[in-house]
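Structural overview
Chain residues, written in single-letter form:
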Amino acid sequence: MYHYDDFDQAFVAARVEQFRDQVARRLSGELTEEQFRPHRLMNGLYLQLHCYMLRIAVPYGTLNSRQMRKLAEIARRYDRGYGHFTTRQNIQFNWPALKDTPDILAELAKVEMHAIQTSGNCIRNVTADHYAGVADDEIADPRPYAEILRQWSSLHPEFSFLPRKFKIAVNGARHDRAVIQAHDIGLQVVRNDAGELGFTVYVGGGLGRTPFLGRKVRDFLPERDLLGYIEAILRVYNLEGRRDNKYKARIKILMHEKSLDTLRAEIEAEFSARDRKLLDLPAEEVARVRAFFAPPELEAKKPVSDRVERRKGKDARFASFFAANVRPHRQPGYVVVTVSLKAIGAPPGDASADQMDAVADLAEDYSHDEVRVSHEQNLVLPYVALDDLPAVYDRLASVGLAEPNAGQISDIIACPGLDYCALATARSIPIAQRIAQKFGDGARAKSVGPLKIKISGCINACGHHHVGHIGILGLERAGEETYQITLGGSGDETAAIGQIVGPGFSSENVVLAVETIVETYMGLRLGEEETFLEAFRRVGLAPFKEALYERSAGQDI
Amino acid sequence: MPDVVTASRLADGVVVFLTAERDWSEDFNRAAVLADAAASVAALARAKEDEEQNLVVDAYVVAVEIRNGHVVPKALREAIRAAGPTIRRDLGKQAEGHAPLSGPTAVVEAEHVSL
């Protein structure tokens, strides 16, 4: 993985001291809250429902054991013993004191981490496929590009005061696991006919109150033009994005108002007008950064492990774990292990300090010191030898992290919702907990098959509900929580925005509504191999509407 | 409608309530209950002075009502803010005995529903 050089270290250290001074001046009253707010936001510090909240970047979702242990230490020393992994591959601490945050940032800097640009109207943490570098369907590792973008965008003077926040995601595999079309810029690594690496570029994606999928502005952008082209996109956006209305300020609105052809022409004109040499990305620089992400030397192993096969034969839960949470590695004899942070009944994405330490130990002992954070709010051990899997599983189980439900109905994305968030209009975590409890992790969940439920507690859509196969949006109506359901959303390479199924459901009934939807699907699917999404695309909303509303005579179920 | 005044303490972000002694308490049950609009306006003005003094931030008025004989915030958002996360009863004011005496409840699953 990438390691800070002297420049990076000095840059982050200087930033910590700058923030320390800003916090001291705020506490002494030299800075008003209005003056201080943009500074704290640019350092990832929010004021939430119960307390401050610190959002720490995990660039492109890659961590080493030392960093994970530091997060555990911060959770214990400065917070309440746990952290929350988010859909943006960040971690949030929910209870830090303002006066402690400079010390927390100083601790993070010791392990090459920071909270810079995890909030504010700037380029946010660049996200990537959580299986980067190990996936069997990968064209090229997206992380070197994400790292180059991180370095280029950190405190970029021209792009630190954008009309609104700006999110970039990079996917390097054939299968999109980074939801690139839900980002302001989505980059899909591709090879052209000559075998050269480059990007298909999508612009104007975003969820929130006005969801749009990114539109393709370039089929093939050569690798060396990456920064120049992204600069051109941002320059057009910075100049023309609306600043009069924060709800219409994202580039997706600009795309919608100007049309794809017009915006693309403006981007291309801006790109052509600039001196190409200024931001040329030389192959040597890409190679230098890529070297940091070179795969470790992996000892050759047999593709089948007798130890694993024996355990599968006598331990049904291990067999379930193997089926759901373990996926092929590009190197035979190794596997990629998803560590589910969705134990049945637990808040999605939360990990205790002890669990973080346990995962750090496992990464060190069994996964070449690497952990990934997925946008689906799980962790990943990317380099596990198949023979080691039973030992890894046992250790995960001993700290409550061996839930065999990755990709299943209980592997739910949920934003913090009204339990923590100042912007939320309804709770989302309890809905996720109740759905997970309803379906469990046994035969019933297995028979449902792959199904992505995503829950947001307000229209800002941090829980990605628009791209959930079943999306749930929590709203407040006349003082009561109410939940709107969308169906058919998808965040992969066949991305789609879900369609609203009809009037919303009360908190009491929303879980039953989900159950009705799932039972309707199971009743109409062509066989176990037809997934929920495939079935929905075949039959549309009508059978689900009928099951939810007509059979119940228009009542709220 | 009666009100209380709340804010977040600047140095640590902890939710606090304005008391009758013109002090700030972490305990909702010590909040001064303001009987009318004039009292609320005056209390908020005092809170804003404390914002100027950099003691608290984001002071505002919260509507309360009497439920089961206890003063509680009317809106769910404020009830959760005054108690702590409903999914973690071990955290926040509810864990320290500082929550409203009748707090937000967990949702109970609907059992008998005609489909």
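Position numbers for residues start from 1 in each chain and track the written sequence from start to end. Written order determines the labels here, with chains lettered from A and ligands numbered from 1. Residue-level local features of this predicted model are given only where pLDDT is at least 70; pairs of side-chain atoms are given and counted only at 80 or more, and the full residue set underlies all totals for whole chains, interfaces and linings.

**A short note on the interface of chain A and chain B**
Across the contact, 32 residues belong to chain A and 28 residues belong to chain B. Put simply, DSSP marks the helices as runs of H or I at least four residues long and the strands as runs of E at least two long, and each gets a number from the N terminus on. Put simply, the parts of the chain that give the side of chain A that touches chain B at least two residues each are helix 14 (429–439) and helix 16 (507–524) of chain A. When residues in the side of chain A that touches chain B are grouped by element, the largest group, 6 residues, is from helix 16 of chain A. By the convention adopted here, residues are in contact when the distance between their C-beta atoms, placed from the backbone, does not exceed 7 Å.

**Looking at helix 3 (residues 65–78) of chain A**
Residues and elements named next belong to chain A. Expected helix span is computed as 1.5 Å times (number of residues minus one). Taking 1.5 Å of rise per residue, 14 residues should cover 20 Å, and helix 3 covers 20 Å from first to last C-alpha, within 8% of that figure. Here a residue counts as buried when 20 or more other C-beta atoms fall within 10 Å of its C-beta, as exposed when 12 or fewer do, and as partly exposed in between; the C-beta atoms come from the backbone. What helix 3 keeps buried is the set S65, Q67, M68, R69, K70, L71, A72, I74 and A75. Lining the buried residues of helix 3 we find strand 3 (62–64), strand 4 (82–85), strand 5 (90–93), helix 4 (101–110), helix 12 (353–366) and strand 14 (370–373).

**Looking at the domain arrangement of chain A**
Here chain A is partitioned into domain 1 (6–110), domain 2 (135–292), domain 3 (306–398) and domain 4 (413–550). The C-alpha-based centres of domain 2 of chain A and domain 4 of chain A are spaced at 30 Å. All the domain ranges listed were derived from an automatic or database domain assignment.

**Points about the nonpolar core**
The term nonpolar core refers to a group of buried residues, namely Ala, Val, Leu, Ile, Met, Phe, Trp, Tyr and Cys, whose C-beta atoms join them within 7 Å. Counting residues in each nonpolar core, the largest one holds 194 residues, and the members touching the most others are I233 and V359 of chain A. Ignoring anything within four residues of it in the chain, the contact list for V359 of chain A reads M68, V339, V371 and L379 of chain A.

**Concerning the packing of helix 10 (residues 306–314) of chain A against helix 11 (residues 316–325) of chain A**
All names here are of chain A. Structural elements are reduced to axes, namely lines fitted to C-alpha atoms, with helices fitted over the stretch in contact, and the angle between N-to-C directions of any two is expressed from 0 to 180 degrees. Between helix 10 and helix 11, the shortest axis-to-axis distance is 5 Å and the interhelical angle comes to 120°. What the angle tells us is that helix 10 and helix 11 run oblique. Note on packing geometry: the crossing formed by helix 10 with helix 11 is left-handed. Facing V308, R311 and K312 of helix 10, the residues of helix 11 in contact are F318, A319 and F322. For classification purposes, angles smaller than 35 degrees are called roughly parallel, those larger than 145 roughly antiparallel, those between 65 and 115 roughly perpendicular, and all remaining angles oblique. When the near helix sits turned anticlockwise from the far one by under a right angle, the crossing is termed left-handed; a clockwise turn instead gives a right-handed crossing.

**Regarding the sheet that holds strand 9 (residues 197–203) of chain A**
Residues and elements named next belong to chain A. Strands are labelled as partners when DSSP assigns at least two bridges between them. Taken in spatial order, the 5 strands of this open sheet run 6-7-8-9-10, and their pairing is mixed. In this open sheet, the two strands that pair with only one neighbour each are strand 6 (127–128) and strand 10 (215–222). Relative to strand 9, strand 8 (residues 185–191) runs antiparallel, the two being bridged by 7 bridges. Paired with V189 across the two strands is F199, which belongs to strand 9.

**Notes on the confidence of the model for chain B**
Should the pLDDT be low somewhere, the predicted coordinates at that spot are not to be read in detail. Think of pLDDT as the predictor's per-residue confidence, scored from 0 to 100. Taken as a whole, chain B shows an average pLDDT of 90; of its residues, 88% reach a score of 70 or greater. With pLDDT under 50 throughout, residues 106–115 of chain B is counted as low confidence; its partners more than four residues away or in other chains account for 18 contacts.

**Concerning the packing of helix 1 (residues 6–28) of chain A against helix 4 of chain A**
Residue and element names in this part refer to chain A. The contact between helix 1 and helix 4 brings their axes to 9 Å, and the two run at 175°. Between helix 1 and helix 4, the interaxial angle falls into the category roughly antiparallel. In this structure, helix 1 contributes V12, A13, V16, F19, R20 and V23 to the contact, and helix 4 contributes T101, P102, L105, A106 and A109. By the convention adopted, Pro, Cys, Tyr, Trp, Phe, Met, Ile, Leu, Val and Ala count as nonpolar, Lys, Arg, Asp and Glu as charged, and the other residues, Gly among them, as polar. In terms of residue class, the contact of helix 1 with helix 4 is made up of 9 nonpolar, 1 polar and 1 charged.

**Examining the sheet that holds strand 4 (residues 56–67) of chain B**
All names here are of chain B. Taken in spatial order, the 5 strands make up an open sheet running 3-2-1-4-5, and their pairing is antiparallel. The strands lining the two open edges of the sheet, one partner per strand, are strand 3 (24–25) and strand 5 (70–73). Note that strand 1 (residues 3–9) and strand 2 (residues 15–18) share 3 bridges and pair antiparallel. When the bridges of strand 2 are listed, A7 appears paired with V16. Contacts from helix 1 (residues 37–52) reach strand 1, strand 2 and strand 4, with the element oriented near 150° to strand 4. Lying over the sheet, helix 2 (residues 76–83) contacts strand 2, strand 4 and strand 5, oriented at roughly 110° with respect to strand 5.

**So, the pairing of strand 12 (residues 334–339) of chain A**
Residue and element names in this part refer to chain A. Counting buried positions along strand 12 yields 6 of 6 residues, so the element is predominantly enclosed. Of the two faces of strand 12, the one lined by Y334, V336 and T338 and the one lined by V335, V337 and V339 are each fully buried. Direction of pairing for strand 11 (residues 326–328) relative to strand 12: antiparallel, over a ladder of 3 bridges. Considered in strand 12, the bridge of P328 is made with V335. When strand 12 meets strand 15 (residues 379–385), the two strands line up antiparallel, connected through 5 bridges. When the sheet's bridge partners are listed, T338 is paired in strand 15 with V380.

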